Amino acid sequence: MQMNTPPRSTIRLTRRGRVALIATGAVVAGTAVAVPLLSLEGEGDTRPASLVIPEGWRSGQIYEAVDKVLALQVGTTKKSIAKAGLKLPTDAEGNPEGYLFPATYPLEKKSTPASLLSFMVNTANKKFNGAPVAAGAQRNAMNVYQAVTIASIVQAEAASPADMGKVSRVIFNRLERGMPLQMDSTINYALNRATLKTTGSDTRLDSPYNSYQRMGLPPTPIDNPGEEAMRAAINPPPGDWLYFVTVKPGDTRFAATYEEHQRNVAEFNAAQKNSASPTK
């Protein structure tokens, strides 16, 4: 049964799976991610031995980390992409977003932006082009690049690894029913931000990454997903969920109907109101 999407002025899906009624103006604080670097052992040698790329980082964050670890001028790594000869899928059109695989990469004296980016892309190709992922994508009537795009949304939206499969199922269910994804993570990507609050004005953003206004998947991945998100993207569990909301940490509610979802949202807003109240 096809479900009609609720009016956009009433409800929004937010990053990390939280949902709030726009009328309440509820705000959820986001967190920043530090750049974890391992240092070399030895006297007077302060150059890191490796660069750790966390799951879910966007390409811009990775470029900045490479510039920093190689002590290069800001923007150097991004400028190197055109001549790096990265082995990207045709659909990527030269954009490595989604293919800078999260992992720990060793640094050598001769490491360059191009060599590090190539290492990341080659690692992604090994992970994504193998039989499990390729077969899983085909089983779900999509190509690998589309699977990586879904995985990137799952990575951004799931409150925990345990929620990734269900978030993936919500994405598939919405696509199959011709519903917009309405994921705030895609708007955040377009605006290069990480806030968990999306306004009505944001949902009217003129961008191919505005999944409130545009149907289907965004044109590229919105971050660089890890293996768990990728597994969820190609093998979502069965379910009829169309909505989800993290009422509180560790308590994400998935719903198949708007009515059920509204009840979950009411609990979310009540929890937010209570947490914002001063302690007496």
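Below: a short report on this structure.

### Overview of the overall build of the protein
Broken down by element type, the protein carries nine helices and seven strands. Taking all 280 residues of the protein together, the buried fraction comes to 49%. Sequence-distant contacts in the protein: of pairs separated by 6 or more residues, those separated by 24 or more amount to 65%. For the protein, the exposed area adds up to about 13900 Å²; of that, 51% sits on carbon and sulfur atoms.

### A closer look at the nonpolar core
Judged by nonpolar contacts, the single largest core of 56 residues is most densely connected at Leu-51, Tyr-99, Met-120, Phe-128, Val-154, Ile-171 and Met-230. Among the secondary structure elements, those contributing two or more residues to this core are α1 (59–69), α3 (113–128), α4 (131–139), α5 (144–157), α6 (164–176) and α8 (227–234). When residues of this core are assigned to their parent elements, the largest contribution, nine residues, is made by α5. Other than its neighbours up to four places away in sequence, Met-230 contacts Phe-128, Val-133, Val-144, Ala-147, Val-148 and Ala-151.

### Some remarks on the pattern of salt bridges
Taken as a whole and assessed by the stated rule, the structure comprises five salt bridges. Close ionic contact of Lys-127 with Glu-227 constitutes a salt bridge, the shortest N to O distance being 3.5 Å. Taken as a pair, Lys-127 in helix α3 and Glu-227 in helix α8 lie far apart in primary sequence, 100 residues in all. Exposure remark for Lys-127: the relative accessible area of 36% places this residue in the partly exposed category. Of the residues examined, Glu-227 reaches a relative accessible area of 38% and is grouped as partly exposed. Asp-202 is the partner of Arg-193 in a salt bridge, and the nearest nitrogen-oxygen pair spans 2.9 Å. Taken together, the shared-partner salt bridges connect Asp-251, Arg-253 and Glu-267 into one network.

### Considering the side chain of Asp-67
Structurally, the position occupied by Asp-67 is in helix α1. In this structure, Asp-67 is buried with no salt-bridge partner, the nearest side chain bearing the opposite charge being Lys-79 at 9.1 Å. Side-chain polar atoms of Asp-67 contact the side chain of Thr-77, separated by 2.6 Å.

### Comments concerning unusual backbone geometry
Even without being glycine, Glu-93 reaches a positive phi, approximately 50°. Looking at the element boundaries, Glu-93 is found in the loop between α2 (76–80) and β5 (104–106). Of the residues examined, Glu-93 reaches a relative accessible area of 74% and is grouped as exposed. Here Gln-182, not a glycine, exhibits a phi torsion of approximately 55°, which is positive.

### A closer look at the packing of aromatic side chains
Summed over all chains, the structure comprises eight aromatic pairs. Centroid distance Tyr-99 to Phe-128: 5.4 Å. Interplanar angle 90°. Geometry classified as edge-to-face. Pair noted here: Tyr-99 is in the loop between α2 and β5 and Phe-128 is in helix α3, with a separation of 29 residues, a long-range link. Residues Tyr-99 and Phe-128 agree in their burial class; the two are buried. By way of ring pairs, the aromatic residues Tyr-99, Phe-101, Phe-128 and Tyr-145 are connected into one cluster.

### Regarding the packing of α1 against α3
The N-to-C vectors of α1 and α3 enclose an angle of 135°; their axes lie 10 Å apart at closest approach. Considering their axes alone, α1 and α3 lie oblique with respect to each other. The hand of the α1/α3 crossing is right-handed. Contacts between α1 and α3 involve Ile-62, Tyr-63 and Val-66 from the former and Pro-113, Leu-116, Leu-117 and Met-120 from the latter. Across the contact of α1 with α3, the residue classes break down as seven nonpolar, no polar and no charged.

Rules of the game
Once a new chain begins, its residue numbering starts again from 1 and follows that chain's sequence as written. Restriction of local features to residues with pLDDT of at least 70 applies here, the model being predicted, together with a cutoff of 80 or more for giving and counting side-chain atom pairs; totals for whole chains, interfaces and linings are based on all residues. Remark: hydrogens and water are excluded; side-chain values derive from all non-hydrogen atoms of the structure. Each helix is a run of DSSP H or I of at least 4 residues and each strand a run of E of at least 2, with the numbering of both proceeding from the N terminus. Three exposure classes are used, based on accessible area relative to the maximum for each residue type with a 1.4 Å probe and protein chains only: buried under 20%, partly exposed in between, and exposed over 50%. Contacts were defined at the residue level, with two residues in contact if any of their heavy atoms lie within 4.5 Å. Per-residue and other accessible areas were derived by the Shrake-Rupley procedure at a 1.4 Å probe size, with only the shown protein chains allowed to occlude residues. Nonpolar cores are built from buried Ala, Val, Leu, Ile, Met, Phe, Trp, Tyr and Cys residues. Side-chain atoms within 4.5 Å join them into one set. We count a salt bridge whenever a side-chain nitrogen from Lys or Arg sits within 4 Å of a carboxyl oxygen from Asp or Glu. Charge assignment: positive for Lys and Arg, negative for Asp and Glu; neither His nor the chain ends contribute. Side-chain atoms alone can form a polar contact between residues adjacent in sequence; in general such a contact is a pair of N or O atoms within 3.5 Å, and within protein one must be able to donate a hydrogen while the other accepts it. Each aromatic pair joins two rings of Phe, Tyr and Trp (for Trp, the six-membered one) with centres within 6.5 Å, and gets the label stacked for planes under 30 degrees apart, edge-to-face for over 60, and tilted for any other angle. Here an axis means a line fitted to C-alpha atoms, over the contact stretch when the element is a helix, while the angle between two N-to-C directions is reported on a 0 to 180 degree scale. Just so you know how the angles are binned, under 35 degrees is roughly parallel, over 145 roughly antiparallel, 65 to 115 roughly perpendicular, and the rest oblique. A clockwise turn of the near helix away from the far one marks a right-handed crossing, whereas an anticlockwise turn of less than a right angle marks a left-handed crossing. The classification used treats Ala, Val, Leu, Ile, Met, Phe, Trp, Tyr, Cys and Pro as nonpolar, Asp, Glu, Lys and Arg as charged, and all other residues, Gly among them, as polar.

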